[in-house]
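Here is how the chains run, residue by residue.
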Amino acid sequence: MSAVMITRKVRKWEKLPGKNTFCCDGRVMMARQKGVFYLTLFLIVGTCALFFAFECPYLAVHLSPAIPVFAALLFLFVIAMLLRTSFSDPGVLPRALPEEASFIEMEIEAANGNVPAGQRPPPRIRNVQINNQIVKLKYCYTCKIFRPPRASHCSICDNCVDRFDHHCPWVGNCVGKRNYRYFYLFTMSLSLLTIYIFTFDIVHVVMRSVDNGFLNTLKETPGTVLEVLVCFFTLWSVVGLTGFHTYLISLNQTTNEDIKGSWSGKNRVQNPYSHKNFIKNCCEVLCGPTYPSVLDRRGVMQEDLAVSATPDALPSSHSSSSSSNPVPQTTHAVLCLQKTTAPLIPNEHTPDDAKPSIADTAEKSSSTTEEHSSLEKVPPLASPETDVETSIAKDKIH
(Lines give C-alpha, C1' and ligand atoms only; values in the text may rest on other atoms or scores of the structure.)
Protein backbone atom coordinates (compact mmCIF):
# COMPACT_ATOMS: atom_id res chain seq x y z
CA MET A 1 0.00 0.00 0.00
CA SER A 2 1.45 3.36 -1.03
CA ALA A 3 0.23 6.97 -1.30
CA VAL A 4 -0.22 8.82 -4.57
CA MET A 5 -0.85 12.56 -4.97
CA ILE A 6 -3.71 13.44 -7.30
CA THR A 7 -4.51 17.04 -8.31
CA ARG A 8 -8.11 18.04 -8.95
CA LYS A 9 -9.78 21.38 -9.68
CA VAL A 10 -12.29 22.81 -7.19
CA ARG A 11 -14.17 26.07 -6.84
CA LYS A 12 -12.79 28.52 -4.32
CA TRP A 13 -16.10 28.86 -2.49
CA GLU A 14 -15.80 25.22 -1.43
CA LYS A 15 -12.64 26.02 0.54
CA LEU A 16 -13.59 29.41 1.98
CA PRO A 17 -13.42 29.51 5.80
CA GLY A 18 -16.20 30.96 7.89
CA LYS A 19 -19.77 29.95 8.65
CA ASN A 20 -21.53 30.72 5.38
CA THR A 21 -23.55 28.55 3.04
CA PHE A 22 -23.29 28.72 -0.73
CA CYS A 23 -25.80 27.75 -3.41
CA CYS A 24 -25.92 27.81 -7.21
CA ASP A 25 -22.22 27.00 -7.53
CA GLY A 26 -21.15 29.87 -5.27
CA ARG A 27 -23.41 32.55 -6.75
CA VAL A 28 -25.61 32.72 -3.63
CA MET A 29 -23.98 33.44 -0.26
CA MET A 30 -25.89 33.44 3.02
CA ALA A 31 -25.38 32.77 6.70
CA ARG A 32 -26.01 29.29 8.05
CA GLN A 33 -28.83 30.47 10.31
CA LYS A 34 -31.61 31.08 7.77
CA GLY A 35 -34.73 30.17 9.76
CA VAL A 36 -35.78 33.78 10.43
CA PHE A 37 -35.23 34.66 6.76
CA TYR A 38 -37.79 32.04 5.74
CA LEU A 39 -40.19 33.52 8.31
CA THR A 40 -39.72 36.99 6.81
CA LEU A 41 -40.38 35.67 3.32
CA PHE A 42 -43.47 33.79 4.50
CA LEU A 43 -44.97 36.82 6.26
CA ILE A 44 -44.49 39.11 3.25
CA VAL A 45 -45.77 36.64 0.66
CA GLY A 46 -48.62 35.43 2.87
CA THR A 47 -49.90 38.90 3.77
CA CYS A 48 -49.77 40.10 0.15
CA ALA A 49 -51.50 36.95 -1.06
CA LEU A 50 -54.40 37.56 1.34
CA PHE A 51 -54.57 41.19 0.22
CA PHE A 52 -54.74 40.25 -3.47
CA ALA A 53 -57.34 37.55 -2.75
CA PHE A 54 -59.81 39.44 -0.51
CA GLU A 55 -59.34 43.21 -0.90
CA CYS A 56 -58.04 43.82 -4.41
CA PRO A 57 -61.08 42.44 -6.36
CA TYR A 58 -63.47 44.70 -4.46
CA LEU A 59 -61.22 47.78 -4.46
CA ALA A 60 -60.41 47.46 -8.17
CA VAL A 61 -64.13 47.59 -9.03
CA HIS A 62 -65.36 50.20 -6.53
CA LEU A 63 -62.32 52.50 -6.33
CA SER A 64 -59.64 52.10 -9.00
CA PRO A 65 -57.91 49.27 -10.86
CA ALA A 66 -54.59 51.00 -10.16
CA ILE A 67 -54.70 49.87 -6.52
CA PRO A 68 -53.79 46.20 -7.16
CA VAL A 69 -51.33 47.20 -9.90
CA PHE A 70 -49.36 49.50 -7.60
CA ALA A 71 -49.48 46.91 -4.82
CA ALA A 72 -48.07 44.26 -7.16
CA LEU A 73 -45.21 46.52 -8.28
CA LEU A 74 -44.38 47.43 -4.70
CA PHE A 75 -44.49 43.76 -3.68
CA LEU A 76 -42.08 42.75 -6.45
CA PHE A 77 -39.68 45.54 -5.48
CA VAL A 78 -39.71 44.43 -1.84
CA ILE A 79 -38.97 40.80 -2.77
CA ALA A 80 -36.19 41.85 -5.14
CA MET A 81 -34.47 43.99 -2.50
CA LEU A 82 -34.84 41.23 0.10
CA LEU A 83 -33.26 38.59 -2.13
CA ARG A 84 -30.53 41.00 -3.25
CA THR A 85 -29.62 41.69 0.38
CA SER A 86 -29.80 38.07 1.49
CA PHE A 87 -28.02 36.39 -1.43
CA SER A 88 -25.09 38.78 -1.93
CA ASP A 89 -21.63 39.04 -0.45
CA PRO A 90 -21.84 41.78 2.20
CA GLY A 91 -18.14 42.60 1.81
CA VAL A 92 -16.35 39.67 3.41
CA LEU A 93 -12.59 40.16 3.59
CA PRO A 94 -10.36 37.20 2.71
CA ARG A 95 -8.19 35.75 5.44
CA ALA A 96 -4.42 35.97 5.30
CA LEU A 97 -2.50 33.12 3.71
CA PRO A 98 -0.07 31.19 5.96
CA GLU A 99 2.91 33.04 4.45
CA GLU A 100 1.22 36.42 4.93
CA ALA A 101 0.19 35.58 8.50
CA SER A 102 3.74 34.55 9.44
CA PHE A 103 5.14 37.74 7.89
CA ILE A 104 2.67 39.89 9.86
CA GLU A 105 3.60 38.04 13.05
CA MET A 106 7.27 38.75 12.40
CA GLU A 107 6.52 42.44 11.87
CA ILE A 108 4.52 42.61 15.10
CA GLU A 109 7.25 40.88 17.12
CA ALA A 110 9.90 43.16 15.65
CA ALA A 111 7.83 46.26 16.51
CA ASN A 112 6.88 45.20 20.05
CA GLY A 113 10.16 43.52 20.98
CA ASN A 114 10.47 40.77 23.57
CA VAL A 115 7.75 40.90 26.20
CA PRO A 116 8.91 39.80 29.67
CA ALA A 117 7.26 36.74 31.14
CA GLY A 118 4.11 37.48 33.09
CA GLN A 119 3.38 40.74 31.29
CA ARG A 120 0.57 41.24 28.86
CA PRO A 121 1.71 42.02 25.30
CA PRO A 122 0.65 45.39 23.92
CA PRO A 123 -2.49 45.50 21.75
CA ARG A 124 -1.96 44.94 18.06
CA ILE A 125 -3.02 48.25 16.56
CA ARG A 126 -1.95 50.30 13.58
CA ASN A 127 -2.72 53.97 13.16
CA VAL A 128 -3.76 55.53 9.86
CA GLN A 129 -4.79 59.07 9.06
CA ILE A 130 -8.16 59.76 7.44
CA ASN A 131 -9.25 63.35 6.80
CA ASN A 132 -6.59 64.68 9.19
CA GLN A 133 -7.73 62.35 11.94
CA ILE A 134 -6.03 59.28 13.41
CA VAL A 135 -8.02 56.05 13.05
CA LYS A 136 -6.92 52.80 14.70
CA LEU A 137 -6.82 49.56 12.73
CA LYS A 138 -7.36 46.54 14.96
CA TYR A 139 -5.78 43.14 14.41
CA CYS A 140 -8.11 40.15 13.88
CA TYR A 141 -6.71 37.02 15.53
CA THR A 142 -9.07 34.81 13.50
CA CYS A 143 -8.43 36.22 10.02
CA LYS A 144 -4.78 37.15 10.80
CA ILE A 145 -5.14 40.60 9.24
CA PHE A 146 -5.32 44.23 10.31
CA ARG A 147 -8.92 45.12 9.58
CA PRO A 148 -9.55 48.10 7.28
CA PRO A 149 -11.31 51.16 8.70
CA ARG A 150 -14.95 50.53 9.71
CA ALA A 151 -14.53 46.76 9.29
CA SER A 152 -15.45 44.33 12.04
CA HIS A 153 -15.54 40.58 12.64
CA CYS A 154 -19.01 39.01 12.69
CA SER A 155 -19.16 36.31 15.34
CA ILE A 156 -22.14 34.60 13.66
CA CYS A 157 -20.65 34.31 10.17
CA ASP A 158 -17.05 34.15 11.50
CA ASN A 159 -15.79 36.59 8.86
CA CYS A 160 -14.43 40.12 8.78
CA VAL A 161 -16.87 42.36 6.88
CA ASP A 162 -15.89 45.67 5.34
CA ARG A 163 -17.97 48.62 6.63
CA PHE A 164 -19.80 46.24 8.92
CA ASP A 165 -23.20 47.56 9.97
CA HIS A 166 -24.82 44.60 11.76
CA HIS A 167 -25.87 40.98 11.30
CA CYS A 168 -29.57 40.88 10.45
CA PRO A 169 -31.28 37.53 11.08
CA TRP A 170 -34.42 38.76 9.26
CA VAL A 171 -32.53 38.77 5.96
CA GLY A 172 -30.25 35.85 6.88
CA ASN A 173 -27.01 37.69 6.16
CA CYS A 174 -24.62 40.36 7.35
CA VAL A 175 -25.22 43.94 6.29
CA GLY A 176 -22.04 45.59 5.09
CA LYS A 177 -20.40 47.62 2.39
CA ARG A 178 -21.79 45.74 -0.62
CA ASN A 179 -25.45 45.25 0.40
CA TYR A 180 -26.27 48.10 2.81
CA ARG A 181 -28.08 50.22 0.22
CA TYR A 182 -30.24 47.24 -0.76
CA PHE A 183 -31.03 46.60 2.91
CA TYR A 184 -32.13 50.20 3.35
CA LEU A 185 -34.26 50.10 0.20
CA PHE A 186 -35.80 46.86 1.47
CA THR A 187 -36.80 48.35 4.83
CA MET A 188 -38.11 51.53 3.23
CA SER A 189 -40.17 49.73 0.56
CA LEU A 190 -41.45 47.23 3.13
CA SER A 191 -42.62 50.14 5.29
CA LEU A 192 -44.49 51.62 2.33
CA LEU A 193 -46.02 48.24 1.47
CA THR A 194 -47.14 47.69 5.07
CA ILE A 195 -48.73 51.12 5.30
CA TYR A 196 -50.36 50.63 1.88
CA ILE A 197 -51.94 47.29 2.76
CA PHE A 198 -52.98 48.40 6.25
CA THR A 199 -54.66 51.55 4.87
CA PHE A 200 -56.65 49.80 2.16
CA ASP A 201 -57.66 47.05 4.56
CA ILE A 202 -59.36 49.68 6.69
CA VAL A 203 -60.89 51.31 3.59
CA HIS A 204 -62.21 47.96 2.40
CA VAL A 205 -63.81 47.13 5.74
CA VAL A 206 -65.42 50.58 6.01
CA MET A 207 -66.84 50.50 2.48
CA ARG A 208 -68.33 47.03 2.85
CA SER A 209 -69.66 47.73 6.34
CA VAL A 210 -71.86 50.51 4.98
CA ASP A 211 -73.81 48.01 2.88
CA ASN A 212 -73.51 44.70 4.77
CA GLY A 213 -72.63 45.65 8.31
CA PHE A 214 -69.37 45.27 10.19
CA LEU A 215 -69.85 41.70 11.42
CA ASN A 216 -71.04 40.41 8.05
CA THR A 217 -68.03 42.02 6.39
CA LEU A 218 -65.63 40.24 8.73
CA LYS A 219 -67.37 36.92 8.03
CA GLU A 220 -67.17 37.43 4.28
CA THR A 221 -63.47 38.43 4.37
CA PRO A 222 -61.76 36.41 7.15
CA GLY A 223 -58.32 37.20 5.81
CA THR A 224 -58.77 40.90 6.48
CA VAL A 225 -58.54 40.47 10.26
CA LEU A 226 -55.28 38.51 9.93
CA GLU A 227 -53.85 41.14 7.58
CA VAL A 228 -54.70 43.98 9.93
CA LEU A 229 -53.06 42.22 12.89
CA VAL A 230 -49.86 41.40 10.98
CA CYS A 231 -49.57 44.89 9.51
CA PHE A 232 -50.30 46.57 12.86
CA PHE A 233 -47.51 44.78 14.74
CA THR A 234 -45.11 44.94 11.79
CA LEU A 235 -45.69 48.61 11.11
CA TRP A 236 -44.02 49.93 14.25
CA SER A 237 -40.86 47.85 14.01
CA VAL A 238 -40.30 48.26 10.26
CA VAL A 239 -41.06 51.98 10.17
CA GLY A 240 -38.92 52.54 13.27
CA LEU A 241 -36.03 50.60 11.72
CA THR A 242 -36.29 52.66 8.53
CA GLY A 243 -36.25 55.90 10.48
CA PHE A 244 -33.21 54.80 12.49
CA HIS A 245 -31.20 53.92 9.37
CA THR A 246 -32.26 57.18 7.73
CA TYR A 247 -30.73 58.96 10.70
CA LEU A 248 -27.50 56.91 10.36
CA ILE A 249 -27.26 57.60 6.62
CA SER A 250 -27.64 61.31 7.21
CA LEU A 251 -24.57 61.13 9.49
CA ASN A 252 -22.69 58.59 7.33
CA GLN A 253 -22.47 56.27 10.31
CA THR A 254 -23.00 52.54 10.83
CA THR A 255 -25.05 50.72 13.44
CA ASN A 256 -21.87 49.19 14.88
CA GLU A 257 -20.29 52.62 15.28
CA ASP A 258 -23.46 54.04 16.84
CA ILE A 259 -23.73 51.23 19.40
CA LYS A 260 -20.05 51.48 20.36
CA GLY A 261 -20.18 55.26 20.44
CA SER A 262 -17.14 55.55 18.20
CA TRP A 263 -17.83 59.19 17.25
CA SER A 264 -19.95 60.35 20.15
CA GLY A 265 -18.08 59.16 23.26
CA LYS A 266 -16.30 61.09 25.97
CA ASN A 267 -13.34 61.76 23.73
CA ARG A 268 -15.59 63.71 21.33
CA VAL A 269 -13.81 62.40 18.25
CA GLN A 270 -15.36 63.72 15.08
CA ASN A 271 -16.58 61.32 12.42
CA PRO A 272 -13.91 61.46 9.69
CA TYR A 273 -16.27 59.91 7.12
CA SER A 274 -19.02 62.51 7.39
CA HIS A 275 -19.18 65.33 4.85
CA LYS A 276 -21.06 67.54 7.33
CA ASN A 277 -23.88 67.65 4.82
CA PHE A 278 -27.06 65.57 4.82
CA ILE A 279 -27.36 65.38 1.03
CA LYS A 280 -23.71 64.49 0.46
CA ASN A 281 -23.84 61.72 3.04
CA CYS A 282 -27.00 60.24 1.54
CA CYS A 283 -25.54 60.39 -1.97
CA GLU A 284 -22.35 58.64 -0.86
CA VAL A 285 -24.19 55.78 0.87
CA LEU A 286 -27.09 55.30 -1.55
CA CYS A 287 -25.66 56.48 -4.88
CA GLY A 288 -22.00 55.57 -4.57
CA PRO A 289 -20.25 53.00 -6.78
CA THR A 290 -20.97 49.31 -6.44
CA TYR A 291 -17.89 47.61 -5.06
CA PRO A 292 -16.90 44.22 -6.49
CA SER A 293 -16.46 41.20 -4.28
CA VAL A 294 -12.89 40.39 -3.27
CA LEU A 295 -13.57 36.72 -2.55
CA ASP A 296 -13.57 35.37 -6.13
CA ARG A 297 -16.02 32.68 -5.00
CA ARG A 298 -16.36 31.02 -8.39
CA GLY A 299 -12.66 31.00 -9.14
CA VAL A 300 -10.89 27.69 -9.75
CA MET A 301 -8.06 26.37 -7.61
CA GLN A 302 -6.08 23.13 -7.58
CA GLU A 303 -6.22 20.78 -4.64
CA ASP A 304 -3.75 17.96 -3.96
CA LEU A 305 -5.27 14.76 -2.58
CA ALA A 306 -3.26 11.96 -0.97
CA VAL A 307 -4.83 8.69 -2.08
CA SER A 308 -3.90 5.05 -1.46
CA ALA A 309 -2.63 2.77 -4.23
CA THR A 310 -2.10 -1.02 -4.54
CA PRO A 311 0.08 -2.90 -7.07
CA ASP A 312 -1.78 -4.40 -9.99
CA ALA A 313 -1.96 -8.13 -9.30
CA LEU A 314 -1.67 -9.99 -12.60
CA PRO A 315 -0.31 -13.50 -13.56
CA SER A 316 3.29 -14.36 -12.63
CA SER A 317 4.56 -13.85 -16.20
CA HIS A 318 3.70 -10.14 -15.87
CA SER A 319 4.51 -9.63 -12.18
CA SER A 320 7.71 -7.69 -12.85
CA SER A 321 6.02 -5.23 -15.21
CA SER A 322 2.87 -4.80 -13.16
CA SER A 323 4.69 -4.04 -9.92
CA SER A 324 5.99 -0.79 -11.37
CA ASN A 325 2.48 0.41 -12.38
CA PRO A 326 0.36 0.89 -9.24
CA VAL A 327 -3.37 1.42 -9.58
CA PRO A 328 -4.46 4.75 -8.05
CA GLN A 329 -7.25 4.50 -5.52
CA THR A 330 -9.65 7.10 -4.18
CA THR A 331 -9.51 8.25 -0.60
CA HIS A 332 -12.92 6.82 0.23
CA ALA A 333 -12.73 3.45 -1.52
CA VAL A 334 -9.82 1.06 -2.11
CA LEU A 335 -9.94 -1.13 -5.15
CA CYS A 336 -9.23 -4.75 -4.12
CA LEU A 337 -7.79 -6.91 -6.90
CA GLN A 338 -7.63 -10.69 -6.55
CA LYS A 339 -4.96 -12.85 -8.22
CA THR A 340 -6.26 -14.69 -11.25
CA THR A 341 -4.75 -17.69 -13.02
CA ALA A 342 -5.16 -18.49 -16.72
CA PRO A 343 -7.37 -21.53 -17.45
CA LEU A 344 -5.85 -24.66 -18.92
CA ILE A 345 -7.99 -24.47 -22.05
CA PRO A 346 -8.30 -20.91 -23.41
CA ASN A 347 -11.75 -19.79 -24.46
CA GLU A 348 -13.43 -16.61 -25.62
CA HIS A 349 -13.88 -15.44 -22.02
CA THR A 350 -10.16 -15.56 -21.27
CA PRO A 351 -8.24 -12.27 -21.64
CA ASP A 352 -5.64 -12.21 -24.39
CA ASP A 353 -2.78 -11.55 -22.03
CA ALA A 354 -3.76 -14.58 -19.91
CA LYS A 355 -3.96 -17.07 -22.84
CA PRO A 356 -0.80 -19.26 -23.11
CA SER A 357 0.91 -18.86 -26.48
CA ILE A 358 2.47 -21.63 -28.62
CA ALA A 359 5.99 -20.44 -27.81
CA ASP A 360 5.27 -20.59 -24.07
CA THR A 361 3.94 -24.14 -24.44
CA ALA A 362 7.01 -25.25 -26.40
CA GLU A 363 9.35 -23.75 -23.83
CA LYS A 364 7.51 -25.46 -20.97
CA SER A 365 7.61 -28.88 -22.73
CA SER A 366 11.35 -28.60 -23.53
CA SER A 367 12.18 -27.64 -19.97
CA THR A 368 10.17 -30.62 -18.67
CA THR A 369 12.05 -33.06 -20.98
CA GLU A 370 15.42 -31.73 -19.86
CA GLU A 371 14.48 -32.19 -16.23
CA HIS A 372 13.52 -35.85 -16.79
CA SER A 373 16.78 -36.63 -18.70
CA SER A 374 18.92 -35.08 -15.99
CA LEU A 375 17.17 -37.14 -13.35
CA GLU A 376 17.89 -40.39 -15.21
CA LYS A 377 21.67 -39.66 -15.36
CA VAL A 378 21.99 -39.13 -11.63
CA PRO A 379 22.86 -42.46 -9.83
CA PRO A 380 20.61 -43.55 -7.02
CA LEU A 381 21.71 -42.75 -3.52
CA ALA A 382 22.64 -45.66 -1.26
CA SER A 383 20.91 -45.94 2.03
CA PRO A 384 22.83 -46.54 5.33
CA GLU A 385 21.33 -50.08 5.83
CA THR A 386 22.68 -51.33 2.45
CA ASP A 387 26.22 -50.19 3.35
CA VAL A 388 26.19 -52.19 6.61
CA GLU A 389 25.04 -55.43 4.91
CA THR A 390 27.77 -55.16 2.22
CA SER A 391 30.54 -54.80 4.81
CA ILE A 392 29.36 -57.95 6.75
CA ALA A 393 29.37 -60.05 3.55
CA LYS A 394 32.97 -59.06 2.77
CA ASP A 395 34.12 -60.05 6.29
CA LYS A 396 32.61 -63.55 5.86
CA ILE A 397 34.40 -64.12 2.55
CA HIS A 398 37.73 -63.20 4.01
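The structure under discussion appears in the preceding block.
Residues numbered from 1 in each chain as written. Predicted model: local features only at pLDDT ≥ 70, side-chain atom pairs only at ≥ 80, totals over all residues. Heavy atoms only, no water.

## Here's the deal with the packing of helix α1 (residues 35-62) against helix α2 (residues 66-86)
1) Next: Two elements in contact, α1 and α2, have axes separated by 10 Å at closest approach and are oriented at 170 degrees. The angle between the axes of α1 and α2 places the two elements in the roughly antiparallel class. Every residue of α2 that contacts α1 at F37, T40, L41, I44, V45, C48, F51, F52, C56, L59 and A60 is listed here: I67, P68, A71, A72, F75, V78, I79, L82, L83 and S86.
2) Next: Residues of the contact of α1 with α2, tallied by class, amount to 19 nonpolar, two polar and no charged. (Axes fitted to C-alpha atoms, helices over the stretch in contact; angles between N-to-C directions. Helix = DSSP H or I, 4+ residues; strand = E, 2+ residues; numbered from the N terminus. Parallel < 35°, antiparallel > 145°, perpendicular 65-115°, else oblique. Contact = heavy atoms within 4.5 Å. Nonpolar A, V, L, I, M, F, W, Y, C, P; charged D, E, K, R; others polar.)

## Here we look at the layout of surface pockets
1) Next: There is about 570 Å³ of room inside the largest pocket.
2) Next: What lines the largest pocket is a set of 23 residues, among which V135, K136, K138, S262 and W263 lie closest to the centre.
3) Next: Of all the secondary-structure elements, those providing two or more residues to the lining of the largest pocket are β5 (133-140) and α7 (255-260).
4) Next: Here the lining of the largest pocket takes six residues from β5, the largest share from any one element.
5) Next: Here the residues of the lining of the largest pocket are counted per class, giving ten nonpolar, seven polar and six charged.
6) Next: In this structure, the second largest pocket spans a volume of roughly 490 Å³.
7) Next: Sort the elements by how many residues they give to the lining of the second largest pocket and helix α4 (residues 180-212) lands first, with seven residues.
8) Next: Here the residues of the lining of the second largest pocket are counted per class, giving 16 nonpolar, seven polar and no charged. (1 Å grid on protein atoms, 1.4 Å probe; cavity = no way out; pocket = protein on both sides within 12 Å on 5 of 7 lines; lining within 4 Å. Points joined across faces, edges and corners; volume = space filled by probe spheres on them.)

## With respect to the pairing of strand β4 (residues 125-130)
1) Next: Inspection of the sheet shows β4 paired to β5 by six bridges, in the antiparallel sense. Within β5, the residue paired with N127 across the bridge is K136.
2) Next: The turn linking β4 back onto β5 is made up of two residues, and N131 within it adopts a positive phi angle of 55 degrees. (Pairing = 2+ DSSP bridges.)

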